[in-house]
Amino acid sequence: MSADSASGADSVSGAENVRGLDNVSGADSADSASSADSAVREAREVRADPAARTTRAGTPWLGAVGLSVVIPAPAGDDRIRETLTNAPGRLDALLGAGPGDWELVVVVDDPAGAVLAAAAVEPRIRLIRLDEQPDEQPDGKTGGHRRRPGKGAALRAGVLASAGRRVLITDAGLTTPLDELARLERVMDQTGERGRSLDPAPGASPAPAAVLGRSGSRLVRAVGMPGIPGFRADTCGFALFDGDHARAAFGASTLDGPAIDAEVLRWIRRQGGHVAEVRLPRAARTAATADTADPRTAGPVRPERTARPRRRAGERRLALRELLRLNAGGLAVAAAFLVLSLYVFQGLWADLDGSYLADALQDQNQWEWFVGVTTDNVTHLRNPLFTFAQGMPDGVNLMANATMLGLNVPLIPVTLLFGETVTFALVLTLGMAASAWTWYWLIRRWLVRGRWAAAAGGALAAFAPPMVSHANGHPNFVVLFMIPLIIDRAMRLCGGRNVTRDGVLLGLFAAYQIFIGEEPLLIAALGMLVYCLACLLVDRRRALAAARPLGTGLAIALAVCLPLVAVPLFWQFSGPQSYHAILHGDNAGNSPRALIEYAGRSLFGDPETAARLSLNTTEQNAFYGWPLLAFGVAVCVWQWRSRTVRALAITGCVALLLSLGPWVPVPRTETVLPGPWRLIVELPLFESVIEGRVAMVCAPVLGILLALALDRIVRMRTRELRTIGLLGAAAALIPVLPLPLTVRDRAPVPAFITSGSWKDYVKDGEALVPVPLPDPGQADALHWQVEADFGFRLAGGYFNGPWGPDRIGIYGATPRHLSNLLRDVRYGAQPPEVTPSWQAQARQDLEYWKAGAVVLPVQERDTQLRDLISALLGRTPEKVLDAWVWRVGPGTP
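Residues numbered from 1 in each chain as written. Predicted model: local features only at pLDDT ≥ 70, side-chain atom pairs only at ≥ 80, totals over all residues. Heavy atoms only, no water.

Visitor: Help me out: how do you make sense of the nonpolar core in this one?
Guide: Most often, soluble globular proteins have nonpolar side chains that are buried together. Membership of the largest hydrophobic core comes to 144 residues, with the highest contact counts inside it found for Trp-369, Phe-752, Ile-753, Leu-768 and Phe-792. Tallying contributions element by element places helix 16 (residues 420-446) first for this core, with 13 residues. In contact with Phe-792, not counting residues within four places along its chain, are Ala-389, Ile-753, Trp-758, Val-762, Leu-768, Trp-784 and Gln-785. If you look at the next biggest cluster of nonpolar residues, it comprises 28 residues, including Val-70, Ile-128, Ala-249 and Trp-267. (Core = buried A, V, L, I, M, F, W, Y, C linked by side-chain atoms within 4.5 Å. Buried < 20%, exposed > 50% of the residue type's maximum accessible area, 1.4 Å probe, protein only. Helix = DSSP H or I, 4+ residues; strand = E, 2+ residues; numbered from the N terminus. Contact = heavy atoms within 4.5 Å.)

Pasting the structure below:
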């Protein structure tokens, strides 16, 4: 550990005989820390300024000490005199009287005679003087007025000048007695470590980098704690730090006011440090909260009670401003993600009434219908898990479909005010941006320190080609903001610090994700399982140490989650219209070529090539492009020594292999090889997964690798290497940059529906039969129903439901003879000769659907369809506005 104190260029007149009276500018203070881990070392090196670390001539250095007590003493605070008189004796009693047992570092604006005298008598008292700072003018120049440095500047200077193995921060009046130090030291010592705090025994929690006395600021608690999860008090009014972590954290800080508390603790948590909390006795808490004024806002201490609220109010205002500044970077990242999301969906927002996502197939119609039926069910106090609105007479099991109740229910007010399309656009736009932000937050919290490196990784994870493809109409695969939060909570469980709390939160997060998207959760769980197994391969000792707390936490999470989702899941798997597995066909896996080609909406993409290699435009589940995959491989080779990188590499490779499906065709040959998906294809739940979607796991894997690479690249010392690295990252990313999603004009809703004329033909409990009936290939009639506020029911439909005695899942309602006939004629087949058997079958199907009316809107081949239906029903239709209508309800001749 370095034993230099901070000093400035100017001496203090008349104080040369006082040991350690240094002149430190709040802006130019340097870091004296040596570090036991790379994060602390790097922060020290960044802040290091050897020129400012020389000791003043004539002031002998005492060397490293056990404890440094840092006290900021604002001008006019007369309590420091009494503290300097009484504290040495108390510290001698608590820590020992030797020269290496303790030091008292007092940061002052203007040392008074009594303070100088106390320091002259006791060599273990060191005074650090902070110069007043010139006020900055709007034009960037400095004016003649001088402002006092704030609490943050004082603490930074004092901590950086300290030499203690541990650092205690307290206030000028010692309102929290020094006797409470023992309580904080016990927490820092009782951690099961081997020797030093940075070398914990296997399975033991790491030693805290800081222990806080719970006595803190509610403002910092409310605004500053997002980066320090789990703590209810985060003031540094009375706090014990590991010396290396303290000097590195305060050296990396930028705030000069009271919010430096939140900034420092957030920095420690992001570097993987543990922060603990100790409840102080009531008397100590009361005293500590009585005076936490900032030197910038506090004047002379007055005994009157009215002075304290004013000081605290000034401190709160200053802290709020600084916390907003502290969080400004995160807000800028969030704004960038929102702008990128608006760019992707700009066509949809340009005309919400008339635009339809061109590559959405019928999924936009379906999802807007999900929004509308959820709103209709909830506002009419009906079961939100089931409806008869389509699929007459059987209905639809909404829990067994991607209804996204976790978003559609909270957004009911938006739907009622602005309509289903606005809700659809909001969910896609905000969901994609929020997913990018939580990936950014996760990456920065656990893996990198650079904000913009983490932002690039989060952007790739959320805006990768598969995500943009699903953005055409699959919000459940776009709104993934809960997945990083679930991963974060699982990683906390591995540390074993608060298994109960983290297990409960993990259970709540998983339950909520189930109501957003079950298949994404299942695929994410598969990816996390592969990652855990990879960790077991690359670091067996740590993985086994984490297994016990992780297993306990997962059991707690399951106990929390199951009661919340038991009824909905029972309804989904055993309720009306439930099914067992969904038929996807034989080509649901990715072609090997799809892994290296570009998606249709990527900058270098070819829509025709992507269409040939995918199920459809919304299922381009790979298409990362060979440059991005090559970049990922290069990062893995470069950083192969990192266990995290090795585990990520294994996870990505396994995900790509699984995504090829149970049978893998070899390109340009007739050879078909068995794929690893065969091992799990018949397992419960996985039998319903489109295996090609497993490749989406590679989006966050590549995003994390990108962030790790950029974080290292921007810190390279050689400009040429930085340039080469950044150019390599750009070459990998530019080809897969997303293009805005294309839109087309939406099919108009017939005036027969919008005018309400349908009410004269369809009674309550009867179904309207559009021609052709809605199905996965044509579902515009679902939008008719939305526009009619779900006033009528539909025969047919586009949803997931059972088929046959085995209740195999299919897309759409069970087909009938009449629905197949109308579909075939609509798309080019010649109408058959109408026989009595055809007429009987038509009547039977209409009765099955409980039909009230058959409606034929204006469309291609409408003449052939009109003649066919008239022949089947034995009567001509009525022309109502822009539709031909046949009454077929009970009592109709």
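Visitor: How should the pairing of strand 2 (residues 65-73) be read in this particular structure?
Guide: Successive residues of a regular strand alternate their side chains across the two faces of the sheet. For strand 2, the buried fraction is high: 8 of the 9 residues fall into the buried class. Here strand 2 runs beside strand 7 (residues 164-169); their pairing, made up of 5 bridges, is parallel. Bridged to Leu-67 within strand 7 is Arg-166. The pairing of strand 2 with strand 3 (residues 102-108) spans 7 bridges and is classified as parallel. (Pairing = 2+ DSSP bridges.)

Visitor: Please clarify how the sheet that holds strand 18 (residues 793-794) should be interpreted in this entry.
Guide: Two strands in a sheet stick together by hydrogen bonds in their backbones, pointing the same way (parallel) or opposite ways (antiparallel). As summarised here, the arrangement of the 5 strands in space is 18-17-21-23-22, forming an open sheet in which the pairing is mixed. Both outer strands of the open sheet, strand 18 and strand 22 (878-880), are each paired with one neighbouring strand and no more. Looking at chain direction, strand 17 (residues 767-770) and strand 18 are connected through 2 bridges and run parallel. By the bridge assignment, Leu-768 is partnered in strand 18 with Leu-794.

Visitor: Explain helix 8 (residues 260-270) to me, please; I cannot follow it from the model alone.
Guide: One turn of an α-helix holds 3.6 residues; hence residues three or four places apart share an orientation. Most of helix 8 is tucked away: 10 of the 11 residues are buried. By the burial criterion, the buried members of helix 8 are Ile-260, Asp-261, Ala-262, Glu-263, Val-264, Leu-265, Arg-266, Trp-267, Ile-268 and Arg-269.

Visitor: Explain unusual backbone geometry to me, please; I cannot follow it from the model alone.
Guide: A negative phi angle characterises most non-glycine residues, just as the trans form characterises most peptide bonds. The omega angle of the peptide bond from Met-392 to Pro-393 is 5 degrees, so this bond is cis rather than trans. Inspection of the secondary structure assignment puts Pro-393 in the loop between strand 12 (386-387) and strand 13 (396-397). The backbone phi angle of Leu-174 is positive, close to 50 degrees, even though this residue is not glycine.

Visitor: What's the story with the packing of helix 19 (residues 482-495) against helix 21 (residues 518-538) in this structure? I'm lost.
Guide: The contact between helix 19 and helix 21 brings their axes to 11 Å, and the two run at 35 degrees. Helix-helix and strand crossings are classified by hand; for helix 19 and helix 21 the assignment is right-handed. On helix 21, the residues that touch Ile-483, Ile-486 and Ile-487 of helix 19 are Pro-520, Leu-521, Ala-524 and Met-528. Split by residue class, the contact of helix 19 with helix 21 holds 7 nonpolar, no polar and no charged. (Axes fitted to C-alpha atoms, helices over the stretch in contact; angles between N-to-C directions. Left-handed = near helix turned anticlockwise from the far one by under 90°. Nonpolar A, V, L, I, M, F, W, Y, C, P; charged D, E, K, R; others polar.)

Visitor: In this structure, what is going on with the side chain of Asn-408? I would like to understand it.
Guide: Tracing the backbone shows Asn-408 in helix 14 (residues 405-408). At 2.5 Å, the side chain of Asn-408 forms a polar contact with the backbone oxygen of Thr-403. (Polar contact = N/O pair within 3.5 Å; in protein donor to acceptor, adjacent residues only side chain to side chain.)

Visitor: Explain the environment of Ala-840 to me, please; I cannot follow it from the model alone.
Guide: When you line up the elements, Ala-840 lands in helix 31 (residues 836-848). Sequence-wise, Ala-840 and Leu-872 are 32 residues apart; in three dimensions their C-alpha atoms are separated by 8.3 Å.

Visitor: How should the packing of aromatic side chains be read in this particular structure?
Guide: Think of a pair of aromatic rings as described by two things: how far the centres are apart, and how the planes are tilted against each other in angle. Taken as a whole, this structure holds 12 aromatic pairs when the rule is applied. Note on Phe-386 and Phe-388: the rings are 5.0 Å apart at their centroids and 85 degrees apart in plane angle, and the pair reads as edge-to-face. Since its relative accessible area comes to 12%, Phe-386 is described here as buried. Joined through ring pairs, the aromatic side chains of Phe-337, Trp-437 and Tyr-440 make up one cluster. A cation over a ring is seen here: Arg-826 above Tyr-827, with NZ or CZ 4.7 Å from the ring centre. If you follow Lys-879 out to its NZ or CZ, it ends over the ring of Trp-884, 5.0 Å from the centre. (Phe/Tyr/Trp six-rings, centres within 6.5 Å; stacked < 30°, edge-to-face > 60°. Lys NZ or Arg CZ within 6 Å of the ring centre and 35° of its normal.)

Visitor: Explain a nonpolar patch on the surface to me, please; I cannot follow it from the model alone.
Guide: The grouping of Leu-529, Leu-533, Leu-536 and Leu-544 at the surface amounts to a nonpolar patch, some 350 Å² of accessible area in total. Tallying contributions element by element places helix 21 first for the nonpolar patch, with 3 residues. Following the sequence through the fold, Leu-544 ends up in helix 22 (residues 540-574). (Patch = residues over 30% accessible without salt bridge, like charges linked within 9 Å, V, L, I, M, F, W, Y side chains within 5 Å. Areas by Shrake-Rupley, 256 points an atom, 1.4 Å probe, with all protein chains shown as cover. Salt bridge = Lys/Arg side-chain N within 4 Å of Asp/Glu carboxyl O.)

Visitor: Looking at this model, I keep getting lost on the confidence of the model for the protein chain. Mind explaining?
Guide: Regions with low pLDDT should not have their predicted coordinates read in detail. The share of residues in the protein chain with pLDDT of 70 or more is 79%, and the mean pLDDT across the chain is 83. Note on residues 1-61: pLDDT under 50 across the span, and 143 contacts to partners over four residues away in sequence or across chains. Confidence drops under pLDDT 50 across residues 192-204; counting only partners more than four residues distant or on other chains, this segment forms 23 contacts. (pLDDT = per-residue confidence, 0-100.)

Visitor: What is the right way to read a negative patch on the surface from this model?
Guide: The grouping of Asp-351, Asp-353, Asp-745, Glu-787 and Asp-789 at the surface amounts to a negative patch. Looking at the secondary structure, you find Glu-787 in helix 29 (residues 780-787). (Lys, Arg positive; Asp, Glu negative; His and termini not counted. Charge placed at Lys NZ, Arg CZ, Asp CG, Glu CD.)

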